[in-house]
Amino acid sequence: MPPYEIDLKMYDIVREIYPEASDLDAWQSLELTDLEAKFKLLTACGKHFSLVVPNSRLNEMATVGSLLDFYKQAPAPTAYFKDLNLEELPANVKFQMKKESDSHRRDIETRLEYKKRRQTWATPADAGDTHHCDRRDHPPARRRV
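Below: a short report on this structure. These numbers were taken from a predicted model, which means no experiment stands behind them.

## Section: the pattern of salt bridges
Here is step 1: Counted under the stated rule, the structure contains 4 salt bridges.
Here is step 2: The partner of Lys72 in a salt bridge is Asp7, and the shortest N-O contact between them spans 2.9 Å. Linking Lys72 in helix 3 (residues 64-72) with Asp7 in helix 1 (residues 3-17), this pair joins segments that are 65 residues apart in sequence.
Here is step 3: Taking relative accessible area as the criterion, Lys72 reaches 35% and is therefore assigned partly exposed.
Here is step 4: Where Arg15 meets Asp12, a salt bridge forms, and the shortest distance between an N and an O atom there is 3.6 Å. Taken together, the residues Arg15 and Asp12, both in helix 1 and 3 residues apart, mark about one turn of the helix.

## Some details on the nonpolar core
Here is step 1: With 22 residues, the main nonpolar core has Met10, Val14, Leu41, Leu67 and Tyr71 as its most contacted residues.
Here is step 2: Looking at this core, the elements that each hand over two or more residues are helix 1, helix 2 (35-49) and helix 3.
Here is step 3: Here Val14 is in contact with Ala21, Trp27, Leu30, Leu41 and Val64, once residues within four sequence places are set aside.

Criteria and thresholds
Residues numbered from 1 in each chain as written. Predicted model: local features only at pLDDT ≥ 70, side-chain atom pairs only at ≥ 80, totals over all residues. Heavy atoms only, no water. Salt bridge = Lys/Arg side-chain N within 4 Å of Asp/Glu carboxyl O. Helix = DSSP H or I, 4+ residues; strand = E, 2+ residues; numbered from the N terminus. Buried < 20%, exposed > 50% of the residue type's maximum accessible area, 1.4 Å probe, protein only. Core = buried A, V, L, I, M, F, W, Y, C linked by side-chain atoms within 4.5 Å. Contact = heavy atoms within 4.5 Å.

This is the structure:
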């Protein structure tokens, strides 16, 4: 999102929560001392910008300008496993990579095939038949002592 759009949207959000911030020159210097209003502002910004201020940075958000700077800065790139230097890791740290294999796909296909076969076994003609099992076919139930 371009910085000017962030400015405009932030100004709109701030005006909703702080009606006294209607001055275009001073709205960024507005101090966030009222905790309830600060919470509302942070929540509204988090919803609109799809980025929540992390707990570790909440104390840094003392003014609307500092909050605006937070949303203007580019997000840090996410560290990927490929970028890790495995030689610098402690000996007790190990990564087990879950390799996507065909066995998972085959397992799902097998389940679907079994489900299709079960549906063909239960034809409408068989629907009226009921199977009564003999108690001798099953082991006795366990009793609690």
